[in-house]
Amino acid sequence: MFSPDTEYIPFITSCVTDGRPEEWLNKVEASMYATTKKSLYKTLEDAKGKKEKWVKDYPGQMIISAGQMKNQSETVLLDTLKKCFEKFCDAALEFRRKECVELVATPYLSCVFGIMNMFDALATPEQGCSAAEGENFIPMIEMYFLFGLIWSIGATVDEAGRKKFDMFLREMDGRFPSNETVFEYWVCPKRKTWAPWEEKLNANFKVSPDTPFFKIMVPTVDTVRTKFVLQQRIKIFQHCMVTGGVGVGKTLVAMEVLSQLPESKSFMVINMSAQSSSNSLQETIEGKLEKRTKGVFAPTGGKKLVTYIDDFNMPKKSVFGFIPPLELLKLWADNGFWYDRAKQEVKNIKDMQLMVSMAPPGGGRNPFSQRVQACFRSVNMTTPNSAQLRRIFSTMLNGKLSEFDDEIKPLGDPLTQATAEVYQATRQFYDSKESMLQLWCHETFRIYGDRMWDHNDKDWLKNLLDEKLSSVFSSGWKTLFEDGEMPPYATFMRNVEHPPYEPILDQSLLKDFLMEKLEDYALEPGKAGGVRQEEKLGSDEVKTNVCKTFMGAHQSVAEKSELMKSRLKRINYVTATNYLEFVNGYRSLLSEKRSEIGDKAEKLRGGLEKLDETGVQVQEMQVVCQEKKVVVAKAKRDCEELLVEIVQDKRVADEQEKQVSTEAARIEKEAEETNAIAKECQEGLDRALPALQEAEDALNVLTKKDISELKAYAKPPALVELVLCGVMTVLKRPPTWDECKKQMGDASFLEKLTKFDKDLLQDGLLKKINKYTAQAEFKPDIIGKVSFAAKGLCMWVCAMETANQVNGEEWQFFLRGGQVLDKSTQPQNPGTNWISELSWDNITELENLPHFKGIVGSFEQGVAAWEEWYRANEPESAELPGEWESKCNELQRMVFVRCLRPDRVMFASTTYVANSLGRKFVEPPVLDLGETYSDSIPTTPLIFVLSPGVDPTSSLLQLATAKGLAEKFNTIALGQGQAPVATKLIDDGIKDGNWVFLANCHLMTSWLPTLDKAIESFAARNPHETFRLWLSSNPTPFFPLAILQRAIKMTTEPPKGLRANMARLYNTITEESFLECKTQSKYPKLLFALVFFHSVLLERKKFRTLGINIPYDFNDTDFAVSNDLLKSYLDEYEETPWDALKYLISEANYGGRVTDELDRRVLNSYLNQYYCEDALSVPNYGLSSLAVYYIPDNGPLQSYKDYVQTLPISDRPETFGQHPNADISYMIEDSKIMLDSILLLQPAKDTAAGGMKTEDIVNALCADLLAQVPFVYPLEDIMNAKADDPSALHVVLFQELERYNILLNRIRSQCAELQKGIKGLVVMSSDLDQIFDALANARIPPSWNKAYPSIKPLGAWTRDLLQRTVDLQQWVEVGYPKVYWLSGFTYPTGFLTAVLQTTARKNSIPIDTLAWEFSIINLDEKEITQPPKEGVYIKGMFLEGAGWDFENGCLMEPEPMELIVPMPIIHFKPVENKKKSQKGIYLCPLYLYPVRTGSRERPSFMISIDLKSGNVDPDHWVKRGTALLLALAV
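Here's a quick rundown of the structure. (Residues numbered from 1 in each chain as written. Predicted model: local features only at pLDDT ≥ 70, side-chain atom pairs only at ≥ 80, totals over all residues. Heavy atoms only, no water.)

### Some words on the overall build of the protein
Alright, step 1. Across its full length, the protein holds 55 helices and 31 strands.
Alright, step 2. With 1530 residues in all, the protein has 44% of them scored as buried.
Alright, step 3. Taken as a whole, the protein presents about 81800 Å² of accessible surface, with 54% of it coming from carbon and sulfur. (Helix = DSSP H or I, 4+ residues; strand = E, 2+ residues; numbered from the N terminus. Buried < 20%, exposed > 50% of the residue type's maximum accessible area, 1.4 Å probe, protein only. Areas by Shrake-Rupley, 256 points an atom, 1.4 Å probe, with all protein chains shown as cover.)

Following this line, the structure appears as structure tokens:
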């Protein structure tokens, strides 16, 4: 053969051409090209192996060509990819961030990795991407890159985002086909171009008849492309995630992918739920693994394992906000191992990858961190469009109808069309056309109608179906259902092997069938847990009635238990075991009654025999009687006449006596009742409610004559009797006509109604009243047509029902107070010098309660009188100003105390309870352990609920000794590793009759469920009669409820007051111990000072943060060790070693418990005062500013005990170095704790104050918040606008704006979500429930409190938030503030650090050499025109525990009841090498908010600020707990 350039090519063998030579040669050329290309690909592929083998295995020309291509292709590949990344990647990420919404946000880096992962999976020579493709090589690289970009960056956006992303990509690259979005195409390696996914669909797909309905998956574009993307990810061993709304087919697609895995891979499926834990997840996965080597585990059979997890985000969050099962998977994904929980050893998990699916967060599904998200490559499945829906349903329906008659077969497509239209509108054995349409209507109603609770919505759906039946099928609702009612469908009515799904037209037949099945179930052996069939219940009728009774009783208990759970938050478990116990109990009772009745029958038979014998004797005697009859008759007549006269006289006498006695008792009782009512009655009822005024007017018109007319009825008209029975119900009297007549006979009947105490109208009584008022005839106008008098009484009953709500409002207001979100319409505070912002909020909101109408005007006109009441020592018992004294009952007076003097709420409440219920309810009884023991039995545990500083061990041992059981008393303090010991003690105790005391159960809560099971088994184990199990525990939510319900619970409190504590300590000191120290000239006084010191530390805790930041558990051991140190050092040194004693006692011993340096400062301050030379040398050395507390002169031990008994029982704040105001502070906190505790115990109610539903109130709050809370700041625009000034302060601004954006977005999104939840549009998740409860109780939802800590009520917090956003906006728009509001920052310490950085950079000095210098600026903010040259001016701080002398710029004593003082502006100036603080300077701590300890995540302490201490030593303010606060509690 000759080539075109005359080169001669000889054939090895002769050839015969097929057809024309030219055509044959073209085919040969093509074949040679394909063979060479294939060989070249193979050469390139094997180039990845060992070089020596590669060179030997292939011809040299192939080696050379492949090597050149490999180097050239790599260069081309890298250059092309680089250009693609530069052109598309950042732009696509930025576009998605700005313009699109992701269902689940994905990190940028994860998306970039996703692009390359997909490129690696697809861009292979086999897929047409190699240098051998020539001019197609670069376009294929670009297309595969874009495909990877679409299904990584673009894969996570929603449907609207896909359209936007499509437009974006088309603007950057015009090669995409124009028909559909870029998401509708894939790269076809054969055609080297974009091809529609539609091509991959099988047009002839049919559903297999034996496929279960829930497993049917009709391929669509979305399922095909999602499946393809997942398969590529799995091929290269990448973890992948499928997201999408509920019902889009995520699980079916994932299962399809798993079913088509290659032989080298296996899979497992895990379904997550809210209860899934990291433990259970780890155990499940490890169940599919086998051990390879030590510490290395891998899937069985040498395969790679794909673990598919559905509902990935369903597990509930931990208290710290993360999801433990997901964090476990992240630990493994990042490191390749997790830990053996038993051995605490590393377990390496090999050859496993994850595929997960989930719906977006919301409705019970939880968001999780991007740390977890970064482990996966995500793809979002969108909701099927109309075309896909029609394809899915018509494919399934046509497949099913293919087996039917010709009349039905064509209905598949039109049925699908009509159903799809119904779906879009809601967005939310058959042998005839009619029966098919009936079935369609029924199923449509089951899918959509069953979700509708509003009857109007159901009627709308019915009309819609009627319309579709008419327009599509030429039929109608009434045509299909004659009576207009659609029957239920079921499969259980026919007793055949494959019963049809058919309509049940005979409702009575259905009812009988169900009742029969229920009865059979209840009585069938084995089905009811062993209820024997031979049980004899009598006739079928009796049997039926018994079964109905059993069922009804069991169901009613279940219903009431649910009601109790929802209202009282108490759980009563109703199980099948309860039902069986009920049945067995009935059987036992039936047997007992049969025996009892049998015995009685035997006695009756004996009695009948005796009667027969007596009858014979009577007949014999009758003959004798007949003879005597004549004689007796005459005498009888005489006696009867006389007897009639006597009886008549006696009856008259008895009746008179009875009437007199009854009348006297009644008058006395009514006098008492009238006096009590008169004391509590409410005058001015016309101001409480218009209905009350109208009812009172109606009563005033009535006269005694009107009432007498009603009373005269022997048989009253039905409506009159109805009204009077309603009146009796309000009065808590029997609703009978006889009782009505009796009450109307009372001369003060009308007065009783007029002065009726509406506080008596509780929920239970209101329900009874509502049974009358809810009746259609119970209307004043209707009643008036029958009786004028009854009309007035009807109005009164209706008015009383309306007044719950007034009473209920007052109670709810007392607990919650008032909240004001928007102050724009709030009246001006008339007494800003004494009425706090929160108090005025309460008063203005109180105006909305009917009884308190006019209260704002009362304050405006009589502010001086109200201030006098406010400043009273005991305002709860002082006279209220003006008309309010006579107008208010005791509860209403307490509302005023709650508004203005919260420190007195505890006292007012105590008095109220004592007056209402008795003193025993406010005076805790003394615990008598002996009596408690007598009430117990061996199977009942006894629990000590511990209070701080209380140890019941000694008391328990003392009781055991008294009972002769000291040797059988066993105790153990629970902790790690003590479970086996405790279990053995219990087992031995049950057998031998020992007492077992398990102390500190709260330290071993993980073992308590095991203890619960052991206690449950006590009864079956028949314990010894002297066995007792005693437990002690701090209050903890993890204590098993079942143990608490079974147990006898006790609690005691430690002694209160300095005197009680000192007396207790001195009682522990024996004469031997007292005389043990040889230095008796010093020891007694210093011992007394030590006792005083210890007692002061214990009692100082009551002042809370003013006393000590952290309430440490100082105990007797601390005192005993310090006492031993004191003796030892006094005897060892001639001169008193003050410094050593103070260090060892204050710093080492007591201080060993102290973790807060400012608390340590308090301890040192006290001991510096108590342990000094003057304590020994000065007679009666004073220990406080009160003269009564001093160190007595040396004397015997008893003299000190006697002196202690002379001390006051209650301690004034000055005893501890505190101001009298400190009492007010801690009493306010005590009141808040009490009110919050009562609020938690309140039953859940459908309605709240004012008769509004709680849901409506919360919904309105959400609407207010959405109206007031601003949208997020345009952070990116702000950063760009300030890019020319990259100062540290601007960095702080940007960080603050970012944090506030998160908070604002969270508030707005959660309020909107909560509104949907209230309407029933989304599931109320636990997070939404938590927000709902918080808003209902005027508290800040915990999720909103993460940005910055606060304990403000909701109204004050909202106003504070709005002010913060205004301040930041001012900084953004105007520039650097002249005066900074430090409280407005989420992280104020970050701002202060930025100020230091600014000074350090400006002056080129190291930042760690700078410190703060503080100066008071006695100017108003408006007077400051320029910022300082160095540092910043700070405003908005508050002083607690002291007053401020503005004239001298120093601390001073506060005014009475002045708890908080606003501070002037302070100049924070950074200075280098600052000198130590001068004398007379108090280092005042600055805290973020009133909780001075803060939290583990956010400490409250910031810095200490130098303040002049005034005319006292700085230690004076240390004992006062004086501090600065950035934010208040109100």
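Next, the rest of the story.
### Some details on the nonpolar core
Alright, step 1. Phe1093, Tyr1171, Leu1335, Trp1344, Phe1391, Met1437 and Phe1468 are the most contacted members of the largest nonpolar core, which has 129 residues in total.
Alright, step 2. Contacts of Phe1093, omitting those with residues within four sequence positions, involve Ile1145, Tyr1150, Leu1163, Tyr1166, Leu1167 and Tyr1170.
Alright, step 3. Within the second largest apolar cluster, 63 residues are counted, among which are Leu149, Val182, Phe183 and Val242. (Core = buried A, V, L, I, M, F, W, Y, C linked by side-chain atoms within 4.5 Å. Contact = heavy atoms within 4.5 Å.)

### Description of the sheet that holds strand S8 (residues 337-340)
Alright, step 1. The four strands lie next to each other as S5-S6-S9-S8, forming an open sheet whose pairing is mixed. Bordering the open sheet on either side are strand S5 (289-293) and S8, each of which pairs with just one other strand. Averaged over all pairs of adjacent strands, the angle between strand axes in this sheet comes to 40°, irrespective of strand direction.
Alright, step 2. The pairing of S8 with strand S9 (residues 345-349) spans four bridges and is antiparallel. (Pairing = 2+ DSSP bridges. Axes fitted to C-alpha atoms, helices over the stretch in contact; angles between N-to-C directions.)

### Observations regarding the pairing of strand S1 (residues 185-188)
In regular strands, side chains alternate between the two faces of the sheet.
Alright, step 1. As paired strands, S1 and strand S2 (residues 193-196) are joined by four bridges and run antiparallel to one another. Bridge pairing in S2 links Cys188 to Thr193.
Alright, step 2. Remark: four residues form the turn of the hairpin made by S1 and S2, two consecutive strands paired antiparallel; Lys192 in that turn has positive phi of roughly 60°.

### Quick notes on the pattern of salt bridges
Alright, step 1. Summed over all chains, the structure comprises 52 salt bridges.
Alright, step 2. Here Arg1359 ties to Asp841 by a salt bridge, and the two come within 2.8 Å at their closest N and O atoms. With Arg1359 in helix H53 (residues 1354-1374) and Asp841 in helix H28 (residues 837-846), the pair connects residues that are 518 residues apart, well separated along the chain.
Alright, step 3. Judged by its relative accessible area of 13%, Arg1359 falls in the buried class.
Alright, step 4. When salt bridges that share partners are traced, they join Glu94, Arg97, Lys98 and Glu1276 into one network. (Salt bridge = Lys/Arg side-chain N within 4 Å of Asp/Glu carboxyl O.)

### Looking at the environment of Asn1345
Alright, step 1. Position of Asn1345 relative to the elements: it lies in the loop between helix H52 (1326-1336) and H53.
Alright, step 2. The class of Asn1345 is partly exposed, set by a relative accessible area of 24%.
Alright, step 3. Distance in space between the C-alpha atoms of Asn1345 and Trp1357 is 9.8 Å, their sequence separation being 12 residues.
Alright, step 4. Apart from the residues within four sequence positions on either side, Asn1345 is in contact with Ile1340, Ser1350 and Trp1357.

### Thoughts on the packing of helix H30 (residues 863-870) against helix H32 (residues 890-900)
Alright, step 1. One can describe the packing of H30 onto H32 by two numbers: an axis separation of 11 Å at closest approach and a directional angle of 90°. It follows that H30 is roughly perpendicular to H32 by the angle criterion. Contact residues: H30 offers Trp866, Trp869 and Tyr870, while H32 offers Phe896, Val897 and Leu900.
Alright, step 2. Grouping the constituent residues of the contact of H30 with H32 by class yields six nonpolar, no polar and no charged. (Parallel < 35°, antiparallel > 145°, perpendicular 65-115°, else oblique. Nonpolar A, V, L, I, M, F, W, Y, C, P; charged D, E, K, R; others polar.)

### Points about the packing of aromatic side chains
Alright, step 1. Inspection of every chain in the model, using the stated rule, returns 65 aromatic pairs.
Alright, step 2. Geometrically, the ring pair formed by Tyr489 and Tyr501 is tilted, given 5.5 Å between the ring centres and 50° between the ring planes. Taken together, the residues Tyr489 in strand S12 (residues 489-490) and Tyr501 in the loop between S12 and strand S13 (502-503) connect sequence positions 12 residues apart.
Alright, step 3. Given a relative accessible area of 9%, Tyr489 falls into the buried group.
Alright, step 4. The class for Tyr501 is partly exposed, based on a relative accessible area of 29%.
Alright, step 5. On the numbers, 5.0 Å between centres and 90° between planes, the contact of Phe1414 with Phe1468 is edge-to-face. Here Phe1468 lies in strand S28 (residues 1465-1472) and Phe1414 lies in strand S22 (residues 1410-1417), a separation of 54 residues in the sequence. Grouping residues by exposure puts Phe1414 and Phe1468 together as buried.
Alright, step 6. Positioned above the aromatic ring of Phe183, the side-chain terminus of Arg162 is 4.8 Å from the ring centre.
Alright, step 7. Positioned above the aromatic ring of Phe297 is the side chain of Lys347, whose terminal nitrogen or guanidinium carbon lies 5.0 Å from the ring centre. (Phe/Tyr/Trp six-rings, centres within 6.5 Å; stacked < 30°, edge-to-face > 60°. Lys NZ or Arg CZ within 6 Å of the ring centre and 35° of its normal.)

### A short note on the environment of Pro324
Alright, step 1. Within the secondary structure layout, Pro324 lies in helix H10 (residues 324-335).
Alright, step 2. Separated by 45 residues in the primary sequence, Pro324 and Asn279 have C-alpha atoms spaced 8.9 Å apart.
Alright, step 3. Here Pro324 is in contact with Ser278, Lys316 and Ser318, once residues within four sequence places are set aside.

### Digging into the side chain of Gln438
Alright, step 1. Along the chain, the position of Gln438 falls in helix H14 (residues 433-447).
Alright, step 2. When its relative accessible area of 18% is taken as the criterion, Gln438 is described as buried.

### Some remarks on the side chain of Asp173
Alright, step 1. Among the structural elements, Asp173 can be located in the loop between helix H6 (159-172) and S1.
Alright, step 2. Reaching out from Asp173, the side chain makes a polar contact with the side chain of Arg175 at a distance of 2.8 Å.
Alright, step 3. In contact with Asp173, not counting residues within four places along its chain, are Phe88 and Leu146. (Polar contact = N/O pair within 3.5 Å; in protein donor to acceptor, adjacent residues only side chain to side chain.)

### A word on H10
Alright, step 1. Between its first and last C-alpha atoms H10 spans 16 Å; for 12 residues at 1.5 Å apiece the expected length is 16 Å, and the two agree.
Alright, step 2. Turning to H10, its buried residues are Pro325, Leu326, Glu327, Leu328, Leu329, Lys330 and Trp332.
Alright, step 3. Looking at the residues trailing H10, positive phi occurs at Gly336, about 80°. (Expected span 1.5 Å × (residues − 1).)

### Notes on the pairing of strand S15 (residues 969-973)
Alright, step 1. Both S15 and strand S16 (residues 995-999) contribute to a ladder of five bridges, which runs parallel. Bridging from a neighbouring strand, Thr971 pairs with Phe997 of S16.
Alright, step 2. Taken together, S15, helix H36 (residues 979-992) and S16 constitute a β-α-β crossover, and its handedness is right-handed. (Right-handed = clockwise from strand over helix to strand, strands pointing away.)

### Brief notes about unusual backbone geometry
Alright, step 1. A positive phi angle, close to 55°, is found at Gln344, a residue other than glycine.
Alright, step 2. Judged by its relative accessible area of 60%, Gln344 falls in the exposed class.
Alright, step 3. One non-glycine residue, Met1457, lies in the positive phi region at around 65°.
Alright, step 4. Along the chain, Met1457 falls in the loop between strand S26 (1450-1452) and strand S27 (1460-1462).

### Thoughts on the packing of helix H49 (residues 1254-1268) against H52
Alright, step 1. Packing of H49 against H52 leaves a shortest axis separation of 9 Å and a crossing angle of 90°. One way to sum up the angle between H49 and H52 is to call them roughly perpendicular. Seen from H49, the contacting residues are Thr1254, Glu1255, Val1258, Leu1261, Cys1262 and Leu1265; seen from H52, they are Phe1332, Leu1335 and Ala1336.
Alright, step 2. Residues of the contact of H49 with H52, tallied by class, amount to seven nonpolar, one polar and one charged.

### Overview of the sheet that holds strand S4 (residues 265-271)
Alright, step 1. Strand order in the open sheet formed by five strands is S4-S7-S10-S3-S11, with parallel pairing between adjacent strands. What marks the edges here is a single partner per strand, and that holds for S4 and strand S11 (377-381). Between one strand axis and the next, the sheet turns through 15° on average, direction left out of account.
Alright, step 2. Both S4 and strand S7 (residues 304-310) contribute to a ladder of seven bridges, which runs parallel. Within the sheet, the bridge partner assigned to Phe267 lies in S7 and is Val306.

### Points about a negative patch on the surface
Alright, step 1. A contiguous patch of negative charge, built from Glu1134, Glu1135, Glu1173 and Asp1174, is present on the exposed surface.
Alright, step 2. Turning to its location among the elements, Asp1174 is positioned in helix H46 (residues 1173-1177).
Alright, step 3. Residue Asp1174 is classed as partly exposed on the basis of its relative accessible area of 40%. (Patch = residues over 30% accessible without salt bridge, like charges linked within 9 Å, V, L, I, M, F, W, Y side chains within 5 Å. Lys, Arg positive; Asp, Glu negative; His and termini not counted. Charge placed at Lys NZ, Arg CZ, Asp CG, Glu CD.)

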